[in-house]
Amino acid sequence: MADSVITRHQNAVMRGDYQAVVFLLTDVFAEVNRSEASFVPPGTSSTVFLNGVLTLVEKGSGVYVEWNPSEKIARSSLSTSDDPNSSTSDDWVIEGTSPPKTATENSSPTHTHSATSFAFSTDIKDLRSYTYNDPKKGIAWIRFICKDGTASETLHFRGGGYRAFVDCIQRYSTLSRSSKERNLVLFVDECTEALEKSVGMLNLNKDIMSRFLSNPYATSLTALSKVTNFMAPLLDPDSATENQIKALSMLDPKNDALRSHNDEQGFEHIFELQLPERPRIVHSDSAVNEEVWNSYRDSEGRIKDVHGLKSLIFRGGVEWSLRKTLWKYMLGYYKWDKTDEENKAARKGLSDSYYRMKLQWMSMTDDQEKRFMDFRDRKALIDKDVMRTDRTHPFFNREKKEHLVCLKDVLMTYMMYDFDLGYVQGMSDFLSPVLVIMDDEVDSFWCFVGLMDRVHENFEMDQLAIKRQLQNIKSLLEIVNPRLANYLESHESDHMYFCFRWILVAFKREFNFDDIMHLWEVLWTDIPCSAFLLLFCVAILDGQTHMIIENKFGLTEILKHINNLSSRINLNETLRIAEAIYHQLAAVQDKLPRHICEILSFSVDEDELAAAATASNSSPRSRSNLA
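The model shown is predicted, which means the values in this text are computed figures rather than measured ones.

What counts, and where the lines are drawn
- Residues numbered from 1 in each chain as written.
- Predicted model: local features only at pLDDT ≥ 70, side-chain atom pairs only at ≥ 80, totals over all residues.
- Heavy atoms only, no water.
- Helix = DSSP H or I, 4+ residues; strand = E, 2+ residues; numbered from the N terminus.
- Buried < 20%, exposed > 50% of the residue type's maximum accessible area, 1.4 Å probe, protein only.
- Contact = heavy atoms within 4.5 Å.
- Areas by Shrake-Rupley, 256 points an atom, 1.4 Å probe, with all protein chains shown as cover.
- Polar contact = N/O pair within 3.5 Å; in protein donor to acceptor, adjacent residues only side chain to side chain.
- Salt bridge = Lys/Arg side-chain N within 4 Å of Asp/Glu carboxyl O.
- Axes fitted to C-alpha atoms, helices over the stretch in contact; angles between N-to-C directions.
- Parallel < 35°, antiparallel > 145°, perpendicular 65-115°, else oblique.
- Left-handed = near helix turned anticlockwise from the far one by under 90°.
- Nonpolar A, V, L, I, M, F, W, Y, C, P; charged D, E, K, R; others polar.
- Phe/Tyr/Trp six-rings, centres within 6.5 Å; stacked < 30°, edge-to-face > 60°.
- Lys NZ or Arg CZ within 6 Å of the ring centre and 35° of its normal.
- pLDDT = per-residue confidence, 0-100.
- Expected span 1.5 Å × (residues − 1).

Chemist: Explanation requested: the overall build of the chain in the structure shown.
Modeler: Secondary structure summary: the chain contains 26 helices and 15 strands in total. The burial tally for the chain puts 49% of its 627 residues in the buried class. Counted over contacts in the chain with a minimum sequence separation of 6, partners at least 24 positions apart contribute 69%. As presented, the chain carries roughly 31,100 Å² of accessible surface, and 49% of it is formed by carbon and sulfur atoms.

As structure tokens, then:
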């Protein structure tokens, strides 16, 4: 009998279909962020918890960590109904929303997703690390990070079993707790670690070890045959290959060395600056409301202290009910120093102007379009983007086609308003929140014009503005976090292209609707400087330092890891860190390189700079590039 069992086992291994479940745990809930639902109604959450089974499975090809949902279908309703007859299965929970109910003709639309799409299965040897919450501090959870930069959903052990699961993993892999990042555990391949040390001692080319280890990212990628659009691979990081990103980097002739800056005389200076301790920002001001707003207005509606009002907005944002009014001022549609009557009169003139421009494209005949390729192509792109912009938001759902028509009309009219720029993918991302707040075609258009005036350069064909901002992020990171800057340089990632989407659409695709409105309000104040968006980027990267370095992420993994941060960034905490970084640098602004002062709008003393340049040029820490 035993011999027959062994024989079946050996045959199964040879066929490749051998499986043995060595660990099984039920009631393990996957935390699913509804990133496809870009709007979250007030008082609700974008988090769904799906019940499932966590297993460790021995297979002929390896040992796999697997999580599979208990249900085949996950339903997530955006309805905020408090129907007492609604019920929910014990197998899954939607936190922050009312329980799902069967959709009827009169009920809110229910979005149905295949729960199996959230299943996770990977060989232990393909895992790089995991983050976790200690059971002593509440419900334990775990989130796996793979060597290719992808990650599992966060798995919550609501019924216990975390320690038994980790103990079982350690039968197949060596685990090492990170000394830098709290709650990060690394999977250690002892053979690979020894090989890396050996190769490092021999000072051989990195490609030798990559090929020796048969790293698919180092040996199977093909070169980019043709780069037709700078934005394409970076708007969709999941589809971007390492070679594509490197090819884009090669297109930039100004790929300066890290931690250096060339002055006007052609000298390259290496900066070593000890920063003071970063201050702790603890303010948590409430959003500007109607009462506060009225206190800043005179009897005729002029704003008495614009900077003071903007400072309050920077600290706490704007209440939802007041955004329709305040955004008109912040985006230049209404003027701070004009009376209410003057702004209303100006609005009437702008309304007439809008409809004249709208009539221009609406009166275009099919015959004219056939001979107007630029117009025809841009119109087709707008039609395509309108159908996929924030469609999970109630304002743009299928039952409210008039809002989709308005979205298209505003974009088409803007194309006529600025035909040199026309329409570029990403513009609809900026318009949709404005349209939701204004709920008026004319007001939305002119607020959108003001918003586009701020980000116009991002959409120009040469992309020089984007490259400049990425270079500025790199320069700031060199000062704020030289350890991470060094690491990115050594891993051919210092071009910062993984921040491209952040800059292009100002984090629109990283946050839910309410958070992105708050972030944009902060940015529109231009407090403490107009480059606060770059400091916000640096704050995020600064917080990911240990995760990137301890996991030894390369270019592809960094790109995927940054993309996986979508819907996981704590907005208020990151805003505080970004502000703290600004004050940290402001405390030593007299010692900062000139280009950093220019980025952050610090005052520059020409006499001090000249003296510093003289001292620096005579220092052995300066290298001449004049030869």
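Chemist: Would you mind going over the environment of R128 with me for this structure?
Modeler: Relative to the assigned elements, R128 resides in strand β8 (residues 127–133). Note: C-alpha distance between R128 and K147 (19 residues apart in sequence) is 4.9 Å. When residues no more than four places from it in sequence are discounted, the contact partners of R128 are I145, C146, K147, L186, F187, N551, K552, F553 and E557. At 3.4 Å, the side chain of R128 forms a polar contact with the backbone oxygen of K147.

Chemist: What is the right way to read the pattern of salt bridges from this model?
Modeler: Should their charged atoms come close, side chains of opposite charge can pair. The tally for this structure, following the rule as stated, stands at 31 salt bridges. For R278, the salt bridge is made with D542, and the minimal N-O distance between the two is 2.9 Å. Placement of R278 in the loop between β14 (267–270) and α8 (290–295) and of D542 in helix α21 (residues 532–543) is noted, with a sequence separation of 264 residues between them. As a salt-bridge pair, R323 and D514 come within 3.3 Å of each other at their nearest N and O atoms. Residue R323 is located in helix α10 (residues 320–330), and its partner D514 is located in helix α20 (residues 513–524); the two are separated by 191 residues in the primary sequence.

Chemist: Explain the side chain of K328 to me, please; I cannot follow it from the model alone.
Modeler: Topologically, K328 is positioned in helix α10. Its relative accessible area of 10% is what places K328 among the buried residues. Here D443 takes part through its side chain, which lies 3.4 Å from a polar atom of the side chain of K328. The contact partners of K328, leaving out residues within four places of it in the chain, are Y333, Y334, M438, D443 and C447.

Chemist: I tried to follow the packing of helix α15 (residues 427–438) against helix α16 (residues 441–455) on my own but got confused; where do I start?
Modeler: For any two helices packed against each other, the geometry is given by the interaxial angle and the distance between the axes. At their nearest, the axes of α15 and α16 sit 9 Å apart, and the two run at 140° to each other. Of the possible angle classes, the one that applies to α15 and α16 is oblique. As α15 runs across α16, the sense of the crossing is right-handed. In contact with M427, F430, L431, V434, L435 and M438 of α15, α16 contributes D443, S444, C447, F448, L451, M452 and V455. Here the contact of α15 with α16 is built from residues that sort into eleven nonpolar, one polar and one charged.

Chemist: Just to check I follow, could you spell out the packing of aromatic side chains for this structure?
Modeler: Geometrically, a pair of aromatic rings is defined through the distance of the ring centres and the angle of the planes. Counted according to the given criterion, the structure contains 33 aromatic pairs. Ring plane angle 50° and centroid distance 6.1 Å describe the contact between F507 and F511, whose orientation is recorded as tilted. Owing to a relative accessible area of 7%, F511 belongs among the buried residues under this scheme. Three or more aromatic residues joined by ring pairs form one cluster here, namely F23, F120, Y130, Y132, F144, F157, Y162, F165 and F187. When the ring centre of Y64 is taken as origin, the NZ or CZ atom of K59, which lies over that ring, is 4.6 Å away. The ring of F49 carries R158 above its face, with NZ or CZ at 4.6 Å from the centroid.

Chemist: How should the packing of helix α11 (residues 340–362) against α16 be read in this particular structure?
Modeler: α16 packs onto α11 with a crossing angle of 90° between their chain directions and a minimal axis gap of 10 Å. In terms of orientation, α11 lies roughly perpendicular with respect to α16. The segment α11 lies against α16, with R347, L350, S351, S353, Y354, Y355, M357 and K358 engaging E441, V442, D443, F445 and W446. Considering only residue class, the contact of α11 with α16 consists of seven nonpolar, two polar and four charged.

Chemist: Even after reading the chapter, I still don't get the environment of S432, so can you show me in this structure?
Modeler: If you trace the backbone, S432 turns up in helix α15. Sequence spacing of S432 and S444 is twelve residues, and the spatial spacing of their C-alpha atoms is 9.2 Å. With residues up to four places along the chain from it excluded, the contact list for S432 reads T389, D390, F396, L407, K508 and F513.

Chemist: Got a minute to help me understand unusual backbone geometry in this structure?
Modeler: Note the cis peptide between I527 and P528, where omega equals -5°. By secondary structure assignment, the location of P528 is in the loop between α20 and α21. Although it is not a glycine, S567 adopts a positive phi angle of roughly 70°. As for its position among the elements, S567 is in the loop between α23 (555–564) and α24 (571–586). A positive phi angle, near 60°, is found at S601, a position not held by glycine.

Chemist: How should I be thinking about the confidence of the model for the chain in this particular structure?
Modeler: Here the chain averages 78 in pLDDT, and 70% of its residues register 70 or above. Across residues 36–44, where pLDDT falls below 50, the model places 22 contacts with residues more than four positions away in sequence or in other chains. Segment residues 250–260 is flagged for pLDDT under 50; beyond a separation of four residues in sequence, or across chains, it makes 26 contacts in the model.

Chemist: Is there a simple way to think about α11 in this case?
Modeler: An α-helical turn contains 3.6 residues, so any two residues separated by three or four positions project in the same direction. Its 23 residues give α11 an end-to-end C-alpha distance of 33 Å, which sits within 8% of 33 Å, the value for a rise of 1.5 Å per residue. Packed against the buried residues of α11 are α10, α13 (373–386), α14 (401–417) and α16.

Chemist: Looking at this structure, I do not really get the environment of L476. What am I missing?
Modeler: Locating L476 in the fold gives a position in helix α17 (residues 464–480). Residue classification places L476 among the buried positions, given a relative accessible area of 0%. Between the C-alpha atom of L476 and that of L534, which follows or precedes it by 58 residues, the distance is 8.3 Å. Once you skip the residues sitting within four places of it in the chain, L476 turns out to touch L534, L535, V538, L585, I596, I599 and L600.

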